[in-house]
Amino acid sequence: MGKGGGCVPSKKKHPSYAEDSARHRGSNTTTITNNAPIVADEEIHETPSVMVNSANTQSVTATLKVFIVFYSMYGHVEKLAKRMKKGVNGVEGVEAVVYRVPETLPVDVLEHIKAPPKDPEVPEIKAAELEEANGVLFGFPTRYGCMAAQMKAFFDSTGQLWKEQTLAGKPAGFFVSTGTQGGGQETTAWTAITQLAHHGMLFVPIGYTFGAGMFKMDSIRGGSPYGAGVYAGDGTREPTETELALAEHQGKYMAGVVKRLSQA
């Protein structure tokens, strides 16, 4: 009894049901109870993991773009470009976009040399638009073993892209047209590589991936390991089916490279 006549509560603490159960069953239950928040935390982290995988899947399935950018005076390079588009579009998840570079010759000069009118369905490209491409195929006729002045003028307009190295790491390739067999099927592409080097772009030749078609000697055929090609002759010769098939192959090949790089 205390001074106030009341009861003094016992200082002995009665065990709770959980503690009593733990005492009888050993320490394992206590360990599991203490670890419960960790288990819950692991379960919480499972959801972000699924979300990351979902995002990766979306990025892979997004449409990739290969720009086919060309200059064509008499239509030979343009015919290769349009067949090349078919090859690019044949690869799932990749889309071809065809552009021409601006003409630099006056209209009266073009009429004098009997150059056909430009296809209004093919838009002119602006240098800044190259940033949107995942890969680029450039096509042009030769001028003494180098690219035509119109294409060179376009490359000269990419100074801002060069300054910011916007195109660095983008794959690119070439296809060409020459008047004769010794007119520059290889050197026209080879001398153009300097443009890619200064931009930090990745040159993608086709090598001999076209297979048996690269070794046929029974007919005249343009093209080389550097890329597709066509012989224009005096301007009246049309691309052969083999030359067009090689252009289609190059489009498909580039689309495959672009797709693999996007998944790296």
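What you see is a predicted model, and the numbers here were worked out from it, not measured in a lab. (Residues numbered from 1 in each chain as written. Predicted model: local features only at pLDDT ≥ 70, side-chain atom pairs only at ≥ 80, totals over all residues. Heavy atoms only, no water.)

**Here's the deal with the overall build of the protein chain**
Step number 1: Helix and strand counts for the protein chain stand at nine helices and seven strands.
Step number 2: With 264 residues in all, the protein chain has 38% of them scored as buried.
Step number 3: At a minimum sequence separation of 6, the contacts of the protein chain that also span at least 24 residues come to 75%.
Step number 4: Working note: accessible area of the protein chain is about 15500 Å², and carbon and sulfur atoms make up 58% of it. (Helix = DSSP H or I, 4+ residues; strand = E, 2+ residues; numbered from the N terminus. Buried < 20%, exposed > 50% of the residue type's maximum accessible area, 1.4 Å probe, protein only. Contact = heavy atoms within 4.5 Å. Areas by Shrake-Rupley, 256 points an atom, 1.4 Å probe, with all protein chains shown as cover.)

**Looking at helix α9 (residues 241-262)**
Step number 1: Across its 22 residues, α9 extends 32 Å between first and last C-alpha, which sits within 8% of the 32 Å expected from 1.5 Å per residue.
Step number 2: Of the positions making up α9, those classed as buried are Glu243, Leu244, Leu246, Ala247, His249, Gln250, Gly251, Met254, Ala255, Gly256, Val257 and Val258.
Step number 3: In the core, the buried residues of α9 are packed alongside β1 (64-70), α3 (76-89), β2 (94-100), β3 (135-143), β5 (171-178) and β7 (229-231). (Expected span 1.5 Å × (residues − 1).)

**A closer look at the layout of surface pockets**
Step number 1: When its volume is computed, the largest pocket comes out at roughly 280 Å³.
Step number 2: Along the walls of the largest pocket sit 16 residues, with Tyr74, Pro141, Arg143, Ser177 and Ala232 positioned nearest its centre.
Step number 3: Secondary-structure elements contributing two or more residues to the lining of the largest pocket are α3, β3 and β5.
Step number 4: Examining the composition of the lining of the largest pocket, we find that three residues originate from one element, β3, more than from any other.
Step number 5: Grouping the constituent residues of the lining of the largest pocket by class yields six nonpolar, eight polar and two charged.
Step number 6: The residue makeup of the lining of the second largest pocket, split by class, is five nonpolar, five polar and three charged. (1 Å grid on protein atoms, 1.4 Å probe; cavity = no way out; pocket = protein on both sides within 12 Å on 5 of 7 lines; lining within 4 Å. Points joined across faces, edges and corners; volume = space filled by probe spheres on them. Nonpolar A, V, L, I, M, F, W, Y, C, P; charged D, E, K, R; others polar.)

**Considering the packing of α3 against α9**
Step number 1: Relative to each other, α3 and α9 sit at 45°, their axes nearing to 7 Å. The pairing of α3 with α9 is recorded here as oblique in orientation. Viewed along their axes, α3 and α9 form a crossing whose handedness is right-handed. Touching Lys79, Leu80, Arg83, Met84, Lys86, Gly87 and Val88 of α3 are Glu241, Glu243, Leu244, Ala245, Ala247, Glu248, Gln250, Gly251, Lys252 and Ala255, all from α9. (Axes fitted to C-alpha atoms, helices over the stretch in contact; angles between N-to-C directions. Parallel < 35°, antiparallel > 145°, perpendicular 65-115°, else oblique. Left-handed = near helix turned anticlockwise from the far one by under 90°.)

**Focus on the environment of Thr194**
Step number 1: With respect to the helices and strands, the residue Thr194 is situated in helix α8 (residues 193-199).
Step number 2: Taking the relative accessible area as the measure of exposure, Thr194 reaches 43% and is therefore partly exposed.
Step number 3: Among the polar contacts made by the side chain of Thr194, one reaches the main-chain carbonyl oxygen of Thr191 at a distance of 3.2 Å. (Polar contact = N/O pair within 3.5 Å; in protein donor to acceptor, adjacent residues only side chain to side chain.)

**So, the environment of Gly256**
Step number 1: Position of Gly256 among the secondary structure elements: in helix α9.
Step number 2: As a C-alpha pair, Gly256 and Glu92 span 164 residues in sequence and 9.2 Å in three-dimensional space.

**Points about unusual backbone geometry**
Step number 1: The phi torsion at Lys114 lies on the positive side, around 60°, for a residue other than glycine.
Step number 2: Structurally, Lys114 can be placed in the loop between α4 (107-112) and β3.
Step number 3: With a phi close to 60°, Tyr144 is a non-glycine residue in the positive phi region.
Step number 4: Examined against the element boundaries, Tyr144 turns out to sit in the loop between β3 and β4 (146-147).
Step number 5: Note on Tyr144: relative accessible area 86%, which makes it exposed.

**Quick notes on the environment of Pro102**
Step number 1: Note on placement: Pro102 falls in the loop between β2 and α4.
Step number 2: For the pair Pro102 and Phe154, spaced 52 residues apart in sequence, the C-alpha separation works out to 7.4 Å.
Step number 3: Not counting residues up to four positions away in its chain, the partners in contact with Pro102 are Glu124, Ile125, Gln150 and Phe154.

**What to know about the pairing of β5**
Step number 1: Burial analysis of β5 places eight of its eight residues in the buried class, which makes it a mostly covered element.
Step number 2: Across the two faces of β5 the burial is the same, with Pro171, Gly173, Phe175 and Ser177 and Ala172, Phe174, Val176 and Thr178 all buried.
Step number 3: Alignment of β3 against β5, held across six bridges, turns out to be parallel. Bridging from a neighbouring strand, Leu137 pairs with Gly173 of β5. (Pairing = 2+ DSSP bridges.)

**Focus on the nonpolar core**
Step number 1: In this structure, Phe67, Val69, Leu130, Phe138 and Phe154 are the most contacted members of the largest nonpolar core, which totals 30 residues.
Step number 2: Going through the elements one at a time, β1, β2, β3, α5 (149-156) and β5 are the ones with two or more residues in this core.
Step number 3: Core analysis: the second largest hydrophobic core is formed by 28 residues, Leu137, Leu244, Leu246 and Ala255 among them. (Core = buried A, V, L, I, M, F, W, Y, C linked by side-chain atoms within 4.5 Å.)

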